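What follows is each chain in one-letter form.
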Amino acid sequence: DAGVIQSPRHEVTEMGQEVTLRCKPISGHDYLFWYRQTMMRGLELLIYFNNNVPIDDSGMPEDRFSAKMPNASFSTLKIQPSEPRDSAVYFCASSRQGTNNEKLFFGSGTQLSVL
Amino acid sequence: AQSVAQPEDQVNVAEGNPLTVKCTYSVSGNPYLFWYVQYPNRGLQFLLKYITGDNLVKGSYGFEAEFNKSQTSFHLKKPSALVSDSALYFCAVRDRAAGNKLTFGGGTRVLVKP
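Conventions and cut-offs
- Residues numbered from 1 in each chain as written.
- Chains lettered and ligands numbered in written order.
- Predicted model: local features only at pLDDT ≥ 70, side-chain atom pairs only at ≥ 80, totals over all residues.
- Heavy atoms only, no water.
- Helix = DSSP H or I, 4+ residues; strand = E, 2+ residues; numbered from the N terminus.
- Rg over C-alpha atoms; globule rule 2.2 N^0.38 Å.
- Buried < 20%, exposed > 50% of the residue type's maximum accessible area, 1.4 Å probe, protein only.
- Contact = heavy atoms within 4.5 Å.
- Areas by Shrake-Rupley, 256 points an atom, 1.4 Å probe, with all protein chains shown as cover.
- Lys, Arg positive; Asp, Glu negative; His and termini not counted.
- Charge placed at Lys NZ, Arg CZ, Asp CG, Glu CD.
- Pairing = 2+ DSSP bridges.
- Axes fitted to C-alpha atoms, helices over the stretch in contact; angles between N-to-C directions.
- Salt bridge = Lys/Arg side-chain N within 4 Å of Asp/Glu carboxyl O.
- Polar contact = N/O pair within 3.5 Å; in protein donor to acceptor, adjacent residues only side chain to side chain.
- Nonpolar A, V, L, I, M, F, W, Y, C, P; charged D, E, K, R; others polar.
- Disulfide = S-S within 2.5 Å.

> Explain the overall build of chain B to me, using residue names and the numbers behind them.
For chain B, the helix and strand inventory stands at zero helices and twelve strands. Expected size for 114 residues packed as a compact globule is a radius of gyration near 13 Å; at 14 Å, chain B falls within 12% of this value. The C-alpha extent of chain B, read off along each of the three principal axes, is 45 × 30 × 20 Å. By the burial criterion, 47% of the 114 residues in chain B qualify as buried. Within chain B, counting contacts between residues at least 6 apart in sequence, those at least 24 apart form 57% of the total. With the model as given, the accessible surface of chain B reaches about 5400 Å², and the carbon-plus-sulfur share is 49%. Mean positive and mean negative side-chain charge positions of chain B (12 and 8 charges, respectively) differ by 6 Å.

Here is the structure:
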């Protein structure tokens, strides 16, 4: 298994531009999570899905952020318009419901820099 | 609401010495507790978890953690640290009655010196 795959690994963009981050969860996993990591705020949960349905988006900072999961093998996190304060590492993680569903598998992250 | 506190930003230890990384938590119900490790430029990796049963949990790479309900703590330990254990360690908690939302602590950087 290739694990959770995120793209791109690095993204540099200018303020005001649209940014789309992509995630492919592990096949068979029914939970998908988007986290953001910064030095100041640590690791924050933005949103999570169960069976492609958003369950909790209370961590999404504002309307500029949106996430979708059109099918079980793909999710996107979009920022429009982007701002310098959005610069962070964005992680996607997935897990499978069951007695061991607590084990999250993380992707390698997308390092986003907004200039 | 659930929360996790890792009181130490950094822990320094000599190779071969015991390593302890502290974690305390707060949940309204019964907790699921976890430790994850992050190496540079990588995502987090699962180390171990406490769900129920024995308070001493053994995990990957020789790590273990002890659940202490009265002190609401879940400290991570390793009897003999290796230089390769140098990384960022995260404690996490989930309230069993609060959906599938995992809350992470701020992380503790461990530096093991040769």
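> Report on the sheet that holds strand β3 (residues 19-24) of chain A, specifying residues and quantitative values.
What holds strands together in a sheet is hydrogen bonding between their backbones, with the strands either parallel or antiparallel. Residues and elements named next belong to chain A. Pairing is antiparallel in the open sheet, where four strands are placed in the order β1-β3-β8-β7. On the outer flanks of this sheet lie β1 (5-7) and β7 (65-71), each paired with one strand and no other. Taking each pair of neighbouring strands and ignoring which way they run, the sheet shows an average axis angle of 15 degrees. Judged from the five bridges that link them, β7 and strand β8 (residues 74-79) form a sheet pairing that is antiparallel.

> Explain the interface of chain A and chain B to me, and be specific about the residues and the numbers.
Every contact between the two is made by 21 residues of chain A and, on the other side, 19 residues of chain B. Our enumeration of links across chain A and chain B arrives at one salt bridge. The residue Lys101 of chain B makes a salt bridge to Asp56 of chain A at a minimum N-O spacing of 3.8 Å. Along the contact surface separating chain A from chain B lie four residue pairs in polar contact (both at pLDDT 80 or more). Going through the elements one at a time, β4 (31-38), β5 (42-50) and β9 (88-95) of chain A are the ones with two or more residues in the side of chain A that touches chain B. Per element, the largest residue contribution to the side of chain A that touches chain B is four residues, and it comes from β4 of chain A. Looking at the side of chain A that touches chain B residue by residue, the class counts come to nine nonpolar, eight polar and four charged.

> If you had to explain the state of the cysteines to someone new, which residues and values would you point to?
Residue and element names in this part refer to chain A. For the coordinates displayed, the defined rule picks out two disulfides over all chains. The disulfide partner of Cys23 is Cys92, and the S-S distance across this bridge is 1.9 Å. When the S-S torsion is -65 degrees, as for the bridge of Cys23 with Cys92, the disulfide is left-handed. Separated by 69 residues along the polypeptide, Cys23 in strand β3 and Cys92 in strand β9 bring together distant segments of the chain. Exposure class is identical for Cys23 and Cys92. Each is buried.

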